[in-house]
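Examination of the molecular architecture
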Amino acid sequence: MLKRQKALLSTGVGIVLTASVLVTGCGNSSTGGNSSGGSSGTSSKTSAITIWDIQTGASQQVVKNMSQAFNKSHPDIQSTVQFFENDPYKQKIQIAMGAHNPPDIFTGWGGGVLKSYIDAGDVYDLTSDLNSDSSWANRFLPSVMKPVTFDGKVYGIPNDNVQPVMLFYNKQVFKQYNLTPPKTWDDLLNDVKVLKAHGVAPISLGGKDQWPDLMYEEYLVDRIGGPDVFNNVVAGKANAWSDPAFLKANTMIQQLVNAGAFEQGFSSVSSNQGEDAALLYTGKAGMELMGSWGFATILSDDKAFIDQGNLGFSTFPTVPGGKGDANDIVGNPSNYYSISNDSKNKQADVTFLKDAVLDPQNVKDWISIGDVPPVQGIESELKQATYGDYLSFTYDMVKNAPNFQASWDQALPPSEAQELLTDLSKLFLNQMTPQQFSDDMNKYIKS
Amino acid sequence: MGSGMNWQRWLMIVPAVVFFAVFALFPMLMAVYYSGLTWNGIGSAKWVGLLNWGNVFHDGEALHAIVLTVEVMVLSWVFQTPISLLLGVFLAGRQKHRAVLGVFYFVPLLFSSVAIGVTWSYMLNPNFGLVDALLKSLHIGNGNQNWLGNTHLALLVVSMIIAWQFIPFHSLLYQGGVKQIPDSLYEAATIDGASVWSSFFSITLPQLKYTIITSSVLILTGSLTYFDLIYVLTDGGPGNATTVLAMDMYKQAFVNQNIGLGSVLAVILAVAGVLLSILTLRFTGFNRMESQLEGM
């Protein structure tokens, strides 16, 4: 949901920015946001811990329940969760960290931002705690732990749900033209050709919002060159964007565009407003590459389409001769809780992470609102849930993935991410060649 | 009543000067200061002098944005001026029904830019939109024209929607201007046997000279800084086909979190706006405030 929320929020970004100035202006008071949990029975032995989170709606309720249940079963620790808006939160936590006045536990997305806090010595190393309790260490799916693992040390644990990007398709349309979900790139091109010949838009793409373009790039680059290609970009290696994998992936994207794979006018179709999904469930388009939240979008816009079993889902096709593992996935692995080094109650923090976060009841609560938590051994629980097929499919994708690449626009500095999105949009419009793309992006690498 | 300043007059201009200083001069000077910083908006800033200015002109983006901005200004003037002028002249007539029509013409001005943007982007949607459906039913085009997603069309379409929003305002200016023209001029012309057309070109247009100047300055400076409608309609896309200066400024400062570069663009915009106003006034003699009604 990160992307979708982010995109929706950007509409009100001016207001949000103003609000964030007000919020951060409060400096070191820690009383902003909504509080929950925390009954008032504080005795001298009780340690109070504060958690900063960004969940909204039903997810927020799940987190509140988690904190309250924990406070009941652990009378000596009182946890309080404070919730913030997504975008202002990023600035608030940055300032709180710099001022050495952070909450005990904070949420984040792992990757580059977390790394910068770790380098500044602000984040508690969880490795020895995890190693001393193997049942805790083994609770999570391995591919989801990567964004919080640096040099073999673990600095956070996942706290919500996985959102891999998958290929949705309209089963009715596929049945009508005797198509099967594409297993390989050539299958995809073939499906595109057949659908195009019958006047159906082969793939629906919300190009106006630009971030949907990125999903093709992320998958193709990983399929062709493996995870290291993008890791080199993040590491700031000179000319990392000139890797042959980028050139090939971008050539393939333009091949797809020139084959007429995307709907007429895809560059003004908005994913944030659900227009790409609408093309799929109205049968005007055959396929859509989207994060797992695409399911929720269709569920809220056309529930009957899903209830009649018309929505199919599949993995991204393989690329013949590619170096990347065919089971690799991209998307949003999870949100994570980390402990600040400035926290005075680290033992209580660890107890909270161990006993409350993604414990059996918390896992059940996530599943009940249609989310898939990154926890081992919940196959049967997921199968029995409403829309169990879909939840199980999502879960298996993540479980079997050797690499779960977090969305690039989250992994890169803002100006590089913005340029990437603009250039990709030009690439999809044939305004830019793959070579020009690489040359332009190389300028943004900070060595 | 002398023309010199006494303390009462100084006192009376204090509020205006204070407001101008606090809300116009001070922010502008701050923008100039920010333009020399490498700063992400929070955290620590570093003074880098003219580095940002060099960067702005070094990469092609800003130049591209300037060209687009000039295009929007020209298109806005070309779309808005003739139509507003004619509508204004028409609405200034004394016939009863014209006042009712005037109310309808005025409606777009009452909407917020965001509402206009959202509505038009729905109407122009290539898959579900009203405009393409209408054109198709009239057998014009392929019914699938991608109005806002076509790099060659987007800016033109955006300029037309801006015109749709602002023509009512400029019509109002012209309507007021026409009503100021003394009837005696037209009566004299009629007695001399002038046709409707020749009295339009010989009386109405020359008499509207300063209205045209006012309206043009407003159109040009307004479209120089135009932002909200473009943000809603295309967000600067497709690619960067509608990233005008104001859009680029916003993106640099608040999306890329590069306050320094954004401020450079802001300063460019402010200077361009001021220059534009001064030049327009100079070349048209508007600042001499001469009367066109002398001897009447």
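Residues numbered from 1 in each chain as written. Chains lettered and ligands numbered in written order. Predicted model: local features only at pLDDT ≥ 70, side-chain atom pairs only at ≥ 80, totals over all residues. Heavy atoms only, no water.

**Comments concerning the pairing of strand β4 (residues 105-108) of chain A**
Residues and elements named next belong to chain A. In plain terms, the rule: Accessible area is worked out with a 1.4 Å probe on protein chains only. A residue is then buried under 20% of its type maximum, exposed over 50%, and partly exposed in between. Under the DSSP-based scheme used, a helix requires at least four consecutive residues in state H or I and a strand at least two consecutive residues in state E, with every element numbered from the N terminus. One bridge is not enough; two strands pair if DSSP finds at least two bridges between them.
The alternating pattern of β4 places I105 and T107 and F106 and G108 on opposite faces, both of which are buried. In the sheet, strand β2 (residues 47-53) pairs with β4 via two bridges, with the strands oriented parallel. Directly across from I51, in β4, lies its bridge partner I105. Where β4 meets strand β13 (residues 336-339), four bridges bridge the pair, whose relative direction is antiparallel. In the strand pairing of β13, T107 is matched with Y337.

**Re the side chain of D104 of chain A**
All names here are of chain A. This is how the line gets drawn: Counted as positive: Lys and Arg. Counted as negative: Asp and Glu, with His and the chain ends omitted from the count. Only one rule defines a salt bridge in this text: a Lys or Arg side-chain nitrogen within 4 Å of an Asp or Glu carboxyl oxygen. N or O atoms within 3.5 Å of each other form a polar contact, as long as, within protein, one can give a hydrogen and the other can take it, and as long as residues adjacent in sequence are counted only when both atoms are side-chain atoms. Residues count as neighbours in contact if any of their non-hydrogen atoms are within 4.5 Å of one another.
Of note, D104 is situated in the loop between α4 (86-98) and β4. Among buried charged residues, D104 stands out as having no salt bridge; its nearest opposite-charge side chain is K344, 7.2 Å away. Among the polar contacts listed, one links the side chain of D104 to the backbone nitrogen of T50, at a separation of 2.8 Å. For D104, the contacting residues outside a window of four places in its chain are A48, I49, T50, S338, I339, S340, S343, K344, N345 and D349.

**Some words on the pattern of salt bridges**
Residue and element names in this part refer to chain A. Evaluation of the coordinates by the stated rule reveals five salt bridges over all chains. The closest approach of N and O atoms between D133 and K354, which form a salt bridge, is 3.5 Å. Highlighted residues: D133 in the loop between α6 (127-131) and α7 (134-137) and K354 in helix α17 (residues 346-355), separated in sequence by 221 residues. Residue class for D133 comes out buried when judged on its relative accessible area of 18%. Assessed through its relative accessible area of 23%, K354 is described here as partly exposed. K303 is paired through a salt bridge with D307; the nearest N and O atoms lie 3.1 Å apart. Taken together, the residues span about one helical turn, with K303 and D307 both in helix α16 (residues 303-307) at a distance of four residues. With relative accessibility at 44%, the residue D307 sits in the partly exposed group.

**Some words on the confidence of the model for chain B**
Note the cut-off: What pLDDT conveys is the predictor's confidence in a given residue, as a value from 0 to 100.
Confidence along chain B averages 85 in pLDDT terms, with 94% of residues attaining 70 or more. The ipTM, which scores confidence in the relative placement of chains, is 0.73 for this predicted complex, and the corresponding pTM is 0.78.

**A word on the environment of V72 of chain B**
Residues and elements named next belong to chain B. Tracing the sequence through the fold places V72 in helix α3 (residues 60-91). When the C-alpha atoms of V72 and T190 are compared, they prove to be 41 Å apart, with 118 residues separating the residues in sequence. Setting aside anything within four residues of it in sequence, one finds V72 in contact with L155, S159, I162, S223 and V244.

**Description of the pairing of β13 of chain A**
Residues and elements named next belong to chain A. Because side chains alternate across β13, one face comprises the buried residues Y336 and S338, and the other comprises Y337 and I339, equally buried. Taken together, the two bridges between strand β7 (residues 157-158) and β13 define a ladder with antiparallel strand orientation. Bridge pairing in β13 links I157 to Y337.

**Observations regarding the UniProt feature "transmembrane region" (unreviewed entry) in chain B**
Residue and element names in this part refer to chain B. Our working definition: UniProt positions are given in the numbering used here, feature names are shortened, and annotations may be inferred rather than shown by experiment.
Here the UniProt feature "transmembrane region" (unreviewed entry) sits at residues 12-34, 62-91, 103-123, 153-174, 210-233 and 259-281. Within the segment residues 12-34, helix and strand shares are 100% and 0% respectively, and the terminal C-alpha atoms sit 33 Å apart. In this annotation, residues 62-91 is assigned 100% helix and 0% strand; the end-to-end C-alpha distance for the span is 42 Å.

**A closer look at unusual backbone geometry**
Even without being a glycine, N178 of chain A presents a positive backbone phi close to 55°. By the secondary structure assignment, N178 of chain A is in the loop between α9 (171-176) and α10 (185-197). Looking at N178 of chain A, the relative accessible area reads 71%, which means it is exposed. Unusually for a residue other than glycine, D235 of chain B sits at a positive phi of about 55°. Mapped onto the secondary structure, D235 of chain B falls in the loop between α11 (228-233) and α12 (245-255).

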